Amino acid sequence: VNHCTLFLRVYNDSESQDAVFADVAPLLTSLLDGYNVCIMAYGQTGSGKTYTMLGPQLEGNSAFSVEDESELGIIPRATEEVFRLISEKPPGSYWVEVSVVEVYNNEIFDLLAKDSYGKVFGVKRDVITTREGKSDVPLLTQETVENASEFLHLVNKGLQLRVRHPTLVHAHSSRSHLVVTLTITTIVFGDNFGTSWEDEQTSQRLNKEVSCTFPQKMRDSKSASSSGTSSPVQLEATEKMKQVKTRLQLVDLAGSECVGMSGVTGAALRETSFINRSLSALADVLGAIAEQRSHVPYRNSKLTHLLQDSVGGDAKLLVMLCISPGQKYLTESVQSLGFGTRARQVQRGQVKKKNFPVLSKAK
């Protein structure tokens, strides 16, 4: 098969998770430079997508194991790297929010929603297109996290709700598409957002005085005055403050599969039908963008509608193709390579950068 000449990098089966992430990590610096980023894994059931994105799975559980850090996948490693990059920035200038969503049978479920007792359970949500033409999920749970450990705890909770079903190809087959989103909010200060920042000491002082704009979890001791009135300095600080949001979307797609090969029946067969239709819709979207058609069919599937801004919008997109090496899976492997070929043919022009100021100590 000659598809591989189209791809940026091909890994053999002996290469480590470290080697894979080494090629992913440079993309994450773009987040703090003002770009949105999306990383997704595509391939047939049992080809290694969830291992690539998350790492080893715990037996009898949808959560992933963090015992052997060398085995961790892109999602936990990417989060660790994001917090490492943030730690090099001025304190209090960033915060991170997380959402965990699955698309199951063409419905979107919020895996971080809680009931009245605080127990996590999946709640059905809908995806809409805003007036600005962006995709949005109203009422989606966004949890603020301060480090990678808190993130892993949250994602593991959500993963326990993810739908799985055994097939002849894979005993723990994911029956839904998983979308983990990190939203990084940057607090920017300065009279002229397009050219400069105030000096670092002034910036830190203003950070404390406008802490009321931060999520409750981020405030700690930086609370507003008990009198409830705003001082002139606080008002001035608020006027000089700007929030810039960038987004990292990490996607573990459900496996494409041949019904005859997987041997599923009943409810699992219905799941397979929805999975294959949504993946076909994703391929159609990529094809429409590659051919520069006037209409791109994002709304043909909840998956493509949800990923609209990442696949065809304002984001740097990386697709990880997972291929099963067995001869009996040749048809599925060729199909996966065909999907990757479509993805490589997409030309979206230069990805737009968020309006970040240039950090400078000079006014």
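Scroll up a little and you will see the structure.
Now for a description of the structure that goes with this document. (Residues numbered from 1 in each chain as written. Predicted model: local features only at pLDDT ≥ 70, side-chain atom pairs only at ≥ 80, totals over all residues. Heavy atoms only, no water.)

## Comments concerning helix H1 (residues 17-32)
The end-to-end C-alpha distance of H1, which contains 16 residues, comes to 24 Å, matching closely the 22 Å that a straight helix rising 1.5 Å per residue would cover. Where H1 bends most, at Asp23, the angle is about 35 degrees, and the proline Pro26 comes one to four residues later. Of all the positions in H1, only Gln17, Val20, Phe21, Val24, Ala25, Leu27, Leu28, Ser30, Leu31 and Leu32 are classed as buried. (Helix = DSSP H or I, 4+ residues; strand = E, 2+ residues; numbered from the N terminus. Expected span 1.5 Å × (residues − 1). Bend = angle between axes of the 7 residues up to and from the residue. Buried < 20%, exposed > 50% of the residue type's maximum accessible area, 1.4 Å probe, protein only.)

## A word on the packing of H1 against helix H3 (residues 74-87)
Following both chains from N to C, one finds H1 and H3 inclined at 45 degrees, their axes separated by 9 Å at the closest point. Considered as vectors, H1 and H3 are oriented oblique to each other. For the pair H1 and H3, the crossing hand works out as right-handed. In this structure, H1 contributes Gln17, Asp18, Val20, Phe21, Val24, Leu28, Thr29, Leu31 and Leu32 to the contact, and H3 contributes Ile74, Arg77, Ala78, Glu81, Val82, Leu85 and Ile86. In the contact of H1 with H3, the residues fall into 11 nonpolar, two polar and three charged. (Axes fitted to C-alpha atoms, helices over the stretch in contact; angles between N-to-C directions. Parallel < 35°, antiparallel > 145°, perpendicular 65-115°, else oblique. Left-handed = near helix turned anticlockwise from the far one by under 90°. Contact = heavy atoms within 4.5 Å. Nonpolar A, V, L, I, M, F, W, Y, C, P; charged D, E, K, R; others polar.)

## Considering the pairing of strand S3 (residues 107-110)
Here four bridges tie strand S2 (residues 94-104) to S3, and the two strands are oriented antiparallel to one another. Note that in S3 the partner of Val101 across the bridge is Asp110. Following S2, the chain reverses through two residues before pairing antiparallel with S3; Asn105 in that reversal takes a positive phi of roughly 50 degrees. Relative to strand S4 (residues 123-125), S3 runs antiparallel, the two being bridged by three bridges. (Pairing = 2+ DSSP bridges.)

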